[in-house]
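# Close look at the chain arrangement
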Amino acid sequence: MTTRTLRIAMNGITGRMGYRQHLLRSILPIRDQGGFTLEDGTKVQVEPILIGRNEAKVSELAELHGVEHWTTDLDGAIADPTVDVVFDASMTSLRAETLKKAMKAGKHIFTEKPTAETLDEAVELASIAQEAGITAGVVHDKLYLPGLVKLRRLVDEGFFGRILSIRGEFGYWVFEGDIQAAQRPSWNYRKEDGGGMTTDMFCHWNYVLEGIIGTVKSVNATTVTHIPTRWDETGTEYTATADDAAYGIFELETPDGDPVVGQINSSWAVRVYRDELVEFQIDGTHGSAVAGLNKCVAQQRAHTPKPVWNPDLPVTESFRDQWLEVPANADLDNGFKAQWEEFLRDVVAGREHRFGLLSAARGVQLAELGLRSSAERRTLDVPVISL
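Sequence positions are assigned chain by chain, starting from 1 and proceeding in written order. With pLDDT at 70 or above as the cut-off, local features in this predicted model cover only qualifying residues; side-chain atom pairs require 80 or more to be listed or tallied, and sums for whole chains, interfaces and linings still use all residues. The side-chain values count all of the structure's non-hydrogen atoms but skip hydrogen atoms and water molecules.

### Some points on the overall build of the protein
Numbering goes from the N terminus for both helices and strands, where a helix is a DSSP run of H or I of at least four residues and a strand is a run of E of at least two. In terms of regular secondary structure, the protein is built from nine helices and 18 strands. Radius of gyration here is computed from C-alpha atoms only, and the compact-globule reference equals 2.2 Å multiplied by the residue count raised to the power 0.38. The globule rule puts the C-alpha radius of gyration for 387 residues at 21 Å, and the 22 Å found for the protein is close to it. With the principal axes as the frame, the protein shows a C-alpha extent of 70 × 55 × 40 Å. Residue burial in the protein is summarised as follows: out of 387 residues, 51% are buried. Considering only contacts within the protein whose residues lie at least 6 apart along the sequence, 70% involve residues at least 24 apart. All accessible areas in this document rest on Shrake-Rupley with a 1.4 Å probe, and a residue is counted as covered only by the protein chains that are shown. Looking at the protein as shown, the accessible area adds up to about 18,600 Å², and 49% of this sits on carbon and sulfur atoms. Only protein chains enter the calculation, and the probe is 1.4 Å; a residue is then buried if its accessible area is under 20% of its type maximum, exposed if over 50%, and partly exposed in between. By definition, residues are in contact when any of their heavy atoms lie within 4.5 Å.

### A short note on the UniProt feature "domain: GFO/IDH/MocA-like oxidoreductase" (unreviewed entry) in the protein
In the numbering used here, UniProt assigns the feature "domain: GFO/IDH/MocA-like oxidoreductase" (unreviewed entry) to residues 150-289. Overall, residues 150-289 shows 16% helix and 38% strand. The separation of its end C-alpha atoms is 10 Å. UniProt positions are given in the numbering used here, feature names are shortened, and annotations may be inferred rather than shown by experiment.

### Quick word on helix α9 (residues 357-376)
Here α9 is 20 residues long and its end C-alpha atoms lie 28 Å apart, about the 28 Å a rise of 1.5 Å per residue gives. Following α9 by one or two positions, Arg377 has its phi on the positive side, about 55°. Helix span, expected: 1.5 Å multiplied by one less than the number of residues in the helix.

### A short note on the UniProt feature "domain: Gfo/Idh/MocA-like oxidoreductase N-terminal" (unreviewed entry) in the protein
Residues annotated in UniProt with the feature "domain: Gfo/Idh/MocA-like oxidoreductase N-terminal" (unreviewed entry) correspond here to residues 50-138. This span, residues 50-138, is 48% helix and 18% strand, and a straight line between its end C-alpha atoms measures 19 Å.

### Comments concerning unusual backbone geometry
Cis geometry marks the peptide bond from Lys113 to Pro114; its omega dihedral reads -10°. Note on placement: Pro114 falls in the loop between β6 (108-111) and α5 (119-132). Even without a glycine there, the phi angle at Asn329 is positive, about 55°. If you trace the backbone, Asn329 turns up in the loop between β17 (324-325) and α8 (335-349). Classification of Asn329 as exposed rests on a relative accessible area of 67%.

As structure tokens, this is what we get:
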């Protein structure tokens, strides 16, 4: 049996996402399970190299998880000829420069989003990847979630008939940091550091809408900073300069040309009264479904009850009990880990990853247009971008 080891330089691994989702729940499990096997019998193993600016934190993580190689020298890791893949989960404001260096050094790249702070720079990254001939992947984790995998399967099976609308609710209460510590880093709430709900989440919503429904044709958004004052990791008070909530309406088009209305509310200043932190509901002529991170329930036309509006009488029926759970019918792994494995298979095969830098650029574009729509208080069309 042929064995190939991919050395992966993982930058920003001391951060929340880099550590929890990419190291702890993806690369380490792939390493500890002995890698994975390709169709031709080749065994692929991974060897992480941890990179971060804080030497004490990086060395501690390396020792904790039995990782042999770590460094604070990002440029040195990129220049290392034994490194196959450069992964980035650092601050948004630093990401584009890291990706450019890595691709120009001939490294395959896998990265968090947004890939850049501006659309022009995001498109430039896609062009560099094309010219370099490397495999570039961008985290599209939500499409790998069991709930959305089931939702997409219903779309593919024609369960909904003609799709009419999709509605999303995302968010939770992020503590201000004065009395209870915030669950998110303070830079998320500073526009000058690349923070903001729209910049962060519209990149996700673009690929979710594309991956489940179709093309995003227009956007009308309202962005808000609900909590103007927060406290950082040292307990120092600061002014939140970035939006912490975004309310968007999107005009979509399915591959068959049908118009669909999308609505997504995103907020770090909302208390959760739903089954999961993110939920999407699709309504169609033949049925509806609601999907979260793991669960998906559906209601077909023949089983749809006939509610009657009567505000003078209390509701006696349980609407939630009228939906049926959609089975997985497959072993669905952690979404981040599943995409990592798919990406690494593409690296070994020398082919494009299906979620690349141009898809990421469309996410940056939607975020830019969302912020502009809010500032100008109008609906904006989404132009087609290409290389």
